[in-house]
Amino acid sequence: MTNKTKVTCMQDYRKEITRLSELPQLSPANDLWNQIEKKAKQQQKNRRWSQYAKQFTELAMVASLLLMVIVKVPTVLHQQQIQNDQLEQIKHYSSLLDTAWLNEQANSQVQTAQKAYLSARIHDQIAAVDNQLNQNPKSRQLWLTRVGLMENLIQLYQPPTTRYITLL
Amino acid sequence: MSHFFNICIDDKTIHQLQKGDLLALERIYILFSRPAYTLAMRILNNREMAEDVVQESLLKAFNAAPSYRKEAPFAAWFRQIVSRQALLCLRKQSRWTDLELIPEIGVTTEHAIGMDLEHAYQLLAPVQRAVLWFYDVEGYSHQEIANLFDKTISFSKSQLSRARKDLRTLLNDKEVSYQETQQ
C-alpha cells in the first residue's frame, strides 16, 4: 500500500466510497407506524383546539368592541343631548335679556357721559360676539359671554335700588 | 442523492398529505421509513435514536407539508428534514467539539483485524462520519453541509478530509494486519 501512487490510492478510495454507498439498507427493528399515527392524531387534535382558541379570542375581541360601542354610543348621545338642552336654555335666556334691554332702552335715558361710554363699549363687545356667533352658532362659551355682556348692559341702565331689589 | 432516497411520490399523495390525511402519511412512512432509518443510523450509529429520528422526521414532514412548494422533489425535501433531525439528535448528545474527536480510532491492529468498510466507517468520529456520508454518499455539496451544521464551508472540507484520511488509515491497517496474519 505504501508503494502505491497517490492516483492509485484515490482510485482505491473511490472504490471504497462506492462500496460505502452500496452498503445495505437498514430497517427499524420495530414497526413505528402505530406511534407515529398516535402522535400525528394528537398533534392534529392540538392544532384544531388551538385554532378554536384563536377563533374564540377573535370573537371575544369583536364582542368586546361591539359592547364598547353599544355602551359608549348612548352615553355620548345622552351627553350631547344635555349640552344641546343647556345651549337652548342659554339662548332662551339671551333672548329674554334682549327683550328686557329693549324695554329698558324705551323707558330710560342715558344720564351720564360715563354710562354712555360704557354702554357703547359693551355694545361693541356684544357686536363682536354676535359676529363670532354667526360663524359658530353652537358655541356655548360665546353664548355665555353674550349673556354676561347683556346682563352688564341692563345693570348699567337700572337704578342702584332696582338692581339691589333684582338681586334680592 | 443516495439511491435509497430515489423514490418518486405522486402528486395526489402529496396533496393529501398537505391536507392532513393520515393515509398519505402512512404511505410516506411505508416508502421512506427504511431510507430515513438508514440515513439516521449512518449518522448516529444508534438504533433507538435512529428510530426516534424517523418518527420525528415523519411528524415534522406531516406538519410542514402545507408549506412544501414542490421546488425540489419530495424525497430531497424529506431527506433534508431527516438530515437536520439526525444532526439535532447528534448535537443533543454532546457539543460539536466533542463530537469531532475520534473515539479511540483504530490505529491498533487489534481493532483493525477483520474490520470491514462498515465497521471502519462506524469507528470514525460522529461529525466526520456525518460529513463523509452527506458528501460522498448523499451527494450534498460543501455549502449544503455547512448549512446543515450551521458552520462554514471550510469546516465541511476539513472534516471531510480528516474523515477520508482516517477511514483510509483504518482500512490500510486492516490490510496490513490481514497480510501479517497470512504470513
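Residues numbered from 1 in each chain as written. Chains lettered and ligands numbered in written order. Predicted model: local features only at pLDDT ≥ 70, side-chain atom pairs only at ≥ 80, totals over all residues. Heavy atoms only, no water.

1. Thoughts on the overall build of chain A
So, point 1. A tally of regular secondary structure across chain A gives 5 helices and 0 strands.
So, point 2. Along the chain direction, N to C, the helices and strands of chain A fall in the order α-α-α-α-α.
So, point 3. Within chain A, the proportion of its 168 residues that are buried is 21%.
So, point 4. Here the analysis covers contacts within chain A between residues at least 6 apart in sequence; of these, 67% occur between residues at least 24 apart.
So, point 5. Of the roughly 12800 Å² of accessible surface on chain A, 57% is carried by carbon and sulfur atoms. (Helix = DSSP H or I, 4+ residues; strand = E, 2+ residues; numbered from the N terminus. Buried < 20%, exposed > 50% of the residue type's maximum accessible area, 1.4 Å probe, protein only. Contact = heavy atoms within 4.5 Å. Areas by Shrake-Rupley, 256 points an atom, 1.4 Å probe, with all protein chains shown as cover.)

2. Observations concerning the nonpolar core
Residue and element names in this part refer to chain B.
So, point 1. With 68 residues, the main nonpolar core has Ile43, Phe74, Leu132, Phe134 and Phe149 as its most contacted residues.
So, point 2. Broken down by element, the residue count for this core peaks at 13 residues, all from helix α2 (residues 22–44).
So, point 3. The residues contacting Phe74, other than those within four sequence positions of it, are Ile9, Ile14, Leu17, Ile28, Phe32 and Tyr68. (Core = buried A, V, L, I, M, F, W, Y, C linked by side-chain atoms within 4.5 Å.)

3. Side note on helix α8 (residues 126–137) of chain B
Residue and element names in this part refer to chain B.
So, point 1. Taking 1.5 Å of rise per residue, the 12 residues of α8 would be expected to cover 16 Å, and the 16 Å separating its terminal C-alpha atoms lies within 8% of that figure.
So, point 2. When you tally the buried positions in α8, you get 11 out of 12 residues, the bulk of the element.
So, point 3. The positive-phi residue at the C-terminal boundary of α8 is Gly139, with phi of around 80°. (Expected span 1.5 Å × (residues − 1).)

4. With respect to the packing of aromatic side chains
Residues and elements named next belong to chain B.
So, point 1. By the definition in use, this model includes 13 aromatic pairs over all chains.
So, point 2. Feature note: the residues Phe5, Phe32, Tyr68, Phe74, Trp77 and Phe78 constitute an aromatic cluster, connected by ring pairs.
So, point 3. Sitting over the ring of Tyr140, Arg79 keeps its end group 4.2 Å from the ring centre.
So, point 4. Lys151 extends its terminal NZ or CZ atom over the ring of Phe155, reaching a point 5.2 Å from the ring centre. (Phe/Tyr/Trp six-rings, centres within 6.5 Å; stacked < 30°, edge-to-face > 60°. Lys NZ or Arg CZ within 6 Å of the ring centre and 35° of its normal.)

5. So, the interface of chain A and chain B
So, point 1. On the chain B side, the residues contacting the 28 residues of chain A number 35 residues.
So, point 2. When the two sides are added together, the surface that chain A and chain B hide from each other amounts to roughly 3300 Å², 62% of it contributed by carbon and sulfur.
So, point 3. Across the pair Lys39(A) and Glu56(B) runs a salt bridge, and its minimum N-O distance is 3.8 Å.
So, point 4. Between the two partners, chain A and chain B, sit 13 residue pairs in polar contact (both at pLDDT 80 or more).
So, point 5. Looking at the side of chain A that touches chain B, the elements that each hand over two or more residues are α1 (6–21) and α2 (33–107) of chain A. (Buried area = accessible area lost by both parts, 1.4 Å probe. Salt bridge = Lys/Arg side-chain N within 4 Å of Asp/Glu carboxyl O. Polar contact = N/O pair within 3.5 Å; in protein donor to acceptor, adjacent residues only side chain to side chain.)

6. Considerations on unusual backbone geometry
All names here are of chain B.
So, point 1. Despite not being glycine, Asn45 has its phi angle at roughly 60°, a positive value.
So, point 2. Turning to its location among the elements, Asn45 is positioned in the loop between α2 and α3 (47–64).
So, point 3. Phi at Asp150 takes a positive value of approximately 60°, unusual for a residue other than glycine.
So, point 4. With respect to the helices, strands and loops of the structure, Asp150 is situated in the loop between α9 (142–149) and α10 (153–182).
So, point 5. What makes Asp150 exposed here is its relative accessible area of 66%.

7. A look at the side chain of Ser119(A)
Residues and elements named next belong to chain A.
So, point 1. Structurally, the position occupied by Ser119 is in helix α3 (residues 113–135).
So, point 2. Note on Ser119: relative accessible area 5%, which makes it buried.
So, point 3. Not counting residues up to four positions away in its chain, the partners in contact with Ser119 are Leu153, Leu156 and Tyr157.

8. Concerning the environment of Pro66(B)
All names here are of chain B.
So, point 1. Inspection of the secondary structure puts Pro66 in the loop between α3 and α4 (74–93).
So, point 2. A residue is classified by how much of its surface remains accessible, and Pro66, at 43% relative accessible area, is partly exposed.
So, point 3. C-alpha of Pro66 to C-alpha of His15: the two residues are 51 residues apart in sequence and 8.6 Å apart in space.

Geometric values such as these leave the question of function open.
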